[in-house]
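For reference, the chains in residue letters:
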Amino acid sequence: KNEVFIKIKLLIEAILQEFNSDIRLLSEQAFAFNHFLRQYARRVRLTEKRAMQAAQGEDKLKQIRLKVDGYLQQKVADSELPAVIESILFEPWANFLSFNLLRFGSRSEQWQQAASVVDDLLWFGLHYNPGNPEHLQRHAQLSKTLPKSLASGFATVGFENTQSEHLINNLLALSITAKI
């Protein structure tokens, strides 16, 4: 039932039970009811405002996700990505990128760090050549830093820990199996 009708019913019951020719009761009940209506109207306005803010937030998040998807599509271009890298980039890492873009903006250090992980992932999966000494050195470094960066980003967006570990282990196994 509507809160206003319940209040009206209680008001009427109170008047019927307590009225004894003293019109102060009517005045008190009218004052209390007007106070209730003002509070009720305030709660309704706040609820409407929150609903509007939520809708605007959802629209902004959709825009951010589209920007991130466009960014990732541009980064991978026509590359044949290993499945694990595609899974990382377009699922939890896209969420982490969206989070950073929404919260800190595209010029922030947080965004730049998250975007550099994209570059590192792409290099790790697409460009690594074990015959090149510089590549071996960079691969060894990324094998240490990428898991930490990924795990931190995954945790930030609430990505399930078991799935995080699975993806990271598959990423590290990728370079072993693909380069032998």
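A few points on the structure. Owing to the predicted nature of the structure, the values given are computational and were not obtained by experimental measurement.

This part covers the overall build of the protein. Each helix and strand in the protein was counted, giving six helices and zero strands. Taken against the 2.2 N^0.38 rule, which gives 16 Å for 180 residues, the C-alpha radius of gyration of the protein at 29 Å runs more than 25% over that of a compact globule. Sorting the 180 residues of the protein into buried and exposed places 30% on the buried side. Taking as baseline every contact in the protein between residues at least 6 positions apart, the subset at least 24 positions apart corresponds to 62%. Total accessible area on the protein stands at roughly 12,200 Å², and carbon and sulfur atoms take up 53% of it.

Between helix 1 (residues 3–18) and helix 2 (residues 24–76), the least distance of the axes is 11 Å, while the angle of their chain directions is 170°. Comparing their axes, helix 2 and helix 1 come out roughly antiparallel. Touching Glu-3, Val-4, Lys-7, Ile-8, Leu-11, Ala-14, Ile-15 and Glu-18 of helix 1 are Leu-25, Leu-26, Gln-29, Phe-33, Phe-36, Leu-37, Tyr-40 and Arg-43, all from helix 2. Grouping the amino acids of the contact of helix 1 with helix 2 by side-chain chemistry returns 11 nonpolar, one polar and four charged.

Attention now moves to the side chain of Asp-120. Checked against the element boundaries, Asp-120 lands in helix 4 (residues 109–127). At 3.0 Å, the side chain of Asp-120 forms a polar contact with the side chain of Arg-138. The residues contacting Asp-120, other than those within four sequence positions of it, are Arg-138, Leu-142 and Leu-146.

Parameters and conventions
- Residues numbered from 1 in each chain as written.
- Predicted model: local features only at pLDDT ≥ 70, side-chain atom pairs only at ≥ 80, totals over all residues.
- Heavy atoms only, no water.
- Helix = DSSP H or I, 4+ residues; strand = E, 2+ residues; numbered from the N terminus.
- Rg over C-alpha atoms; globule rule 2.2 N^0.38 Å.
- Buried < 20%, exposed > 50% of the residue type's maximum accessible area, 1.4 Å probe, protein only.
- Contact = heavy atoms within 4.5 Å.
- Areas by Shrake-Rupley, 256 points an atom, 1.4 Å probe, with all protein chains shown as cover.
- Axes fitted to C-alpha atoms, helices over the stretch in contact; angles between N-to-C directions.
- Parallel < 35°, antiparallel > 145°, perpendicular 65-115°, else oblique.
- Nonpolar A, V, L, I, M, F, W, Y, C, P; charged D, E, K, R; others polar.
- Polar contact = N/O pair within 3.5 Å; in protein donor to acceptor, adjacent residues only side chain to side chain.

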